[in-house]
Amino acid sequence: EKEGWTDLEGNLLKPEDVNLYHANRYILLPFTVESQSDFVNELPSTAGPQPPRFFVSHWWGEPVKQFIMCIDRAQLDFRRNDCVADDSRGGGF
């Protein structure tokens, strides 16, 4: 069943157009409004504080699908270097 997510002008969103502003409106805020806590702290897999291992700067207005594709690519490009040949990629995560 379709969720019926709309943009600020009331237009029905297609999955490829959903950005983090939409995710914040429809997922993050409703999930955290009662606890007034960070989203990651509300996840059932969280066992205490989760300091970040790295930071990714991006624009919330880009489609989430494109952001995920960039993170996937970064994970491949910057994964742990296990041998001398891997050093050509630079440092790891």
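Draft legend 1. Structural view of the overall build of the protein. Looking only at helices and strands, one finds 3 helices and 0 strands in the protein. In sequence order, the protein lays out its α and β elements as α-α-α. In the protein, which comprises 93 residues, the proportion classed as buried is 18%. Considering only contacts in the protein between residues 6 or more positions apart, those separated by 24 or more positions represent 25%. A total accessible area of about 7800 Å² is found for the protein, and carbon and sulfur atoms account for 57% of it.

Draft legend 2. Examining a nonpolar patch on the surface more closely. A contiguous nonpolar patch, built from Tyr 21, Trp 59 and Trp 60 and spanning about 390 Å² of accessible area, is present on the exposed surface. The exposure class assigned to Tyr 21 is partly exposed, which follows from its relative accessible area of 49%.

Draft legend 3. Main features of the packing of aromatic side chains. Under the definition given, this model contains 3 aromatic pairs. Arranged with centres 4.7 Å apart and planes meeting at 10°, the rings of Trp 5 and Tyr 26 form a pair that is stacked. Here Trp 5, found in the segment before helix 1 (20-32), pairs with Tyr 26, found in helix 1; they are 21 residues apart in sequence, far enough to count as distant. Residue Trp 5 is classed as buried on the basis of its relative accessible area of 16%.

Draft legend 4. Quick look at the environment of Ser 35. Here Ser 35 shows up in the loop between helix 1 and helix 2 (39-42). Within the local environment of Ser 35, its side chain forms a polar contact with the side chain of Glu 42, the two groups lying 3.2 Å apart.

Draft legend 5. Geometry of the side chain of Asn 19. Note that Asn 19 resides in the segment before helix 1. Beyond its immediate stretch of four places on either side in the chain, Asn 19 contacts Trp 60, Gly 61, Glu 62, Pro 63 and Val 64.

Draft legend 6. Highlighting helix 1. Here helix 1 contains 13 residues, and its C-alpha end-to-end distance of 15 Å is more than 12% below the 18 Å for a straight helix at 1.5 Å per residue. At Tyr 26, helix 1 shows its largest bend, some 30°, and a proline, Pro 30, comes one to four positions later. If you check which residues of helix 1 are buried, you get Leu 20, His 22, Ala 23 and Thr 32. Buried positions along helix 1 lie against helix 2 and helix 3 (64-77). Capping the start of helix 1, Asn 19 holds a side-chain oxygen 2.8 Å from the backbone nitrogen of Tyr 21, two or three residues further along.

Draft legend 7. Representation of the side chain of Glu 62 in the model. Looking at the secondary structure, you find Glu 62 in the loop between helix 2 and helix 3. For Glu 62, the contacting residues outside a window of four places in its chain are Val 18, Asn 19, Leu 20 and Phe 67.

About the thresholds
Residues numbered from 1 in each chain as written. Predicted model: local features only at pLDDT ≥ 70, side-chain atom pairs only at ≥ 80, totals over all residues. Heavy atoms only, no water. Helix = DSSP H or I, 4+ residues; strand = E, 2+ residues; numbered from the N terminus. Buried < 20%, exposed > 50% of the residue type's maximum accessible area, 1.4 Å probe, protein only. Contact = heavy atoms within 4.5 Å. Areas by Shrake-Rupley, 256 points an atom, 1.4 Å probe, with all protein chains shown as cover. Patch = residues over 30% accessible without salt bridge, like charges linked within 9 Å, V, L, I, M, F, W, Y side chains within 5 Å. Salt bridge = Lys/Arg side-chain N within 4 Å of Asp/Glu carboxyl O. Phe/Tyr/Trp six-rings, centres within 6.5 Å; stacked < 30°, edge-to-face > 60°. Polar contact = N/O pair within 3.5 Å; in protein donor to acceptor, adjacent residues only side chain to side chain. Expected span 1.5 Å × (residues − 1). Bend = angle between axes of the 7 residues up to and from the residue.

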